[in-house]
Each structure stands twice: as structure tokens, then as C-alpha cells.
Amino acid sequence: MRLFAAVLPPADVVDELGLAVARLKGLAGADRLRWTEPPGWHFTLAFYGEVDEAIVPDLTERLARAAHRSEPFPLAVAGGGHFGHGRTLWAGAEGDLRTLRLLADRAEAAGRRAGLDLGQHRRYTPHLTVARSREAFAVRPYVETLAGFVGRTWTVADMALVRSRPPTSGVPGEQPRYEAVRRWPLGH
């Protein structure tokens, strides 16, 4: 199964971001982007890819320990940026980013210790993907619009192991479906 560890923002935070994204969709050229949907909005901590079911128990045990060693922390969706010449547009984060990065490092280490090949380690950039493009896209107006956005601060109290189910219908615009397989409270 295709898995990743994530921080899932609460519904009211997702709603706030939804209002900001609605403004982005009104900008020129927005119809050329593939917009992600609010049910899928999350901060990925570590992407594991296809994981053999035999590894899942060890991975979940290691993620439980990582969550236990991490204390709850404040976070808000704020600002934005892009990756890959405008191919990915994202909302950023503010708050206790040091603890968020530490949690991401622990989630990545849990995957490596469970035997997953996660490739080369990269510095964690907290982001929540809001749109993608198949080709390079001029994202400056979108990033500038997101720059002033700051959502409500909430306390991140848990970490989730999420299963991603890619689109299967072949219908243009179909979104992947995400299901939280397990959640662990932080600091317990």
C-alpha cells in the first residue's frame, strides 16, 4: 500500500485555507492548474511510497515511538511558495517549525529503520500542496497572494499514517483519496 506520515490540519483550519485558495482560483490562468481538494490537504512528514504489508507493523511501532518522543506544538498555515519551476504551488507553515522538522526527521528515520528505501535525505520544507501543473507555470501572482495569508494557530497533537489511493476512474480531475490508517498522540 502507498503510505506517508503526515500532520493533518483541523477542519476549521482547512476551511480558512479553502477561502484563500478560492481567491487564487480567481486569478488569470488558474484554470490551467490542477487544484488539490481540501479533504487531501496535509503536511507530509515522510513519504514511504509502496510499502509491503509485512513491513507495516514494524513501521507503525516505530512511528508510535516517534510520536511519543515528540511534544505537541503550535502550527499555522501561512504564506506559500512553489517547487519545480511552478509545477507545484503550496501553502507554507509558521509556528514551531523546529519541532515540526524534528517530527519529520523522526518519521523519516522510522521508515528507514523499518527497512524502507527513502532515497537521499533532503532538508524538510513544510508545505501543503494546493495546486499542480504539468508544465512550468508563472506562479508569482499566486505566491504573492498567499504571502499575506496566515490561518489560525492550532496545537498539533498527533501524527497520522496515511494511505494514498491514486485515481482509478480515468476521469480528468479525479483526486487521490487519503485515509488515515493510524494516528498517534504526541508526547504520550
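Residues numbered from 1 in each chain as written. Predicted model: local features only at pLDDT ≥ 70, side-chain atom pairs only at ≥ 80, totals over all residues. Heavy atoms only, no water.

**Q** Describe the packing of aromatic side chains, and please don't skip the residues or the numbers.
**A** With the rule as written, the count across this model stands at 4 aromatic pairs. Note on F4 and Y178: the rings are 5.7 Å apart at their centroids and 80 degrees apart in plane angle, and the pair reads as edge-to-face. With F4 in strand β1 (residues 2–7) and Y178 in strand β9 (residues 177–185), this pair connects stretches of sequence that are 174 residues apart. Since its relative accessible area comes to 31%, Y178 is described here as partly exposed. (Phe/Tyr/Trp six-rings, centres within 6.5 Å; stacked < 30°, edge-to-face > 60°. Helix = DSSP H or I, 4+ residues; strand = E, 2+ residues; numbered from the N terminus. Buried < 20%, exposed > 50% of the residue type's maximum accessible area, 1.4 Å probe, protein only.)

**Q** Which residues make up the sheet that holds strand β5 (residues 88–95), and what values do they have?
**A** Taking strand neighbours across the sheet as the criterion, the 5 strands line up as β2-β6-β5-β4-β7 in an open arrangement whose pairing is antiparallel. The strands lining the two open edges of the sheet, one partner per strand, are β2 (34–35) and β7 (154–156). Relative to β7, strand β4 (residues 73–83) runs antiparallel, the two being bridged by 3 bridges. Within the sheet, the bridge partner assigned to L75 lies in β7 and is W154. Packing of helix α1 (residues 11–24) onto the sheet brings it into contact with β2, β4, β5, β6 (128–132) and β7, and relative to β6 it is tilted by some 25 degrees. Against the sheet, helix α3 (residues 97–113) engages β4 and β5, with an angle of about 80 degrees to β4. (Pairing = 2+ DSSP bridges. Contact = heavy atoms within 4.5 Å. Axes fitted to C-alpha atoms, helices over the stretch in contact; angles between N-to-C directions.)

**Q** Which residues make up the environment of R177, and what values do they have?
**A** Along the polypeptide, R177 turns up in strand β9. A relative accessible area of 56% means that R177 is categorised as exposed. In this structure, the C-alpha to C-alpha distance between R177 and D117, residues 60 residues apart in sequence, is 24 Å. In this view, R177 contacts R163, S164 and R165; residues no more than four positions away in its chain are not counted.

**Q** Now, about the sheet that holds strand β3 (residues 43–50): what can you tell me, with residues and values included?
**A** Within the open sheet, the 4 strands sit side by side as β3-β1-β8-β9. Their pairing is antiparallel. The sheet terminates laterally at β3 and β9, the two strands that pair on one side only. Pairwise comparison of adjacent strand axes, ignoring direction, gives a mean angle of 20 degrees for this sheet. When β1 meets β3, the two strands line up antiparallel, connected through 6 bridges. Within β3, the position partnered with A6 by the bridge is T44. The strands that helix α2 (residues 56–68) touches are β1, β3, β8 (158–165) and β9; relative to β9, the one it contacts most, it runs at about 55 degrees. Contacting β1, β3 and β8, α3 crosses the sheet at an angle of about 15 degrees to β3.

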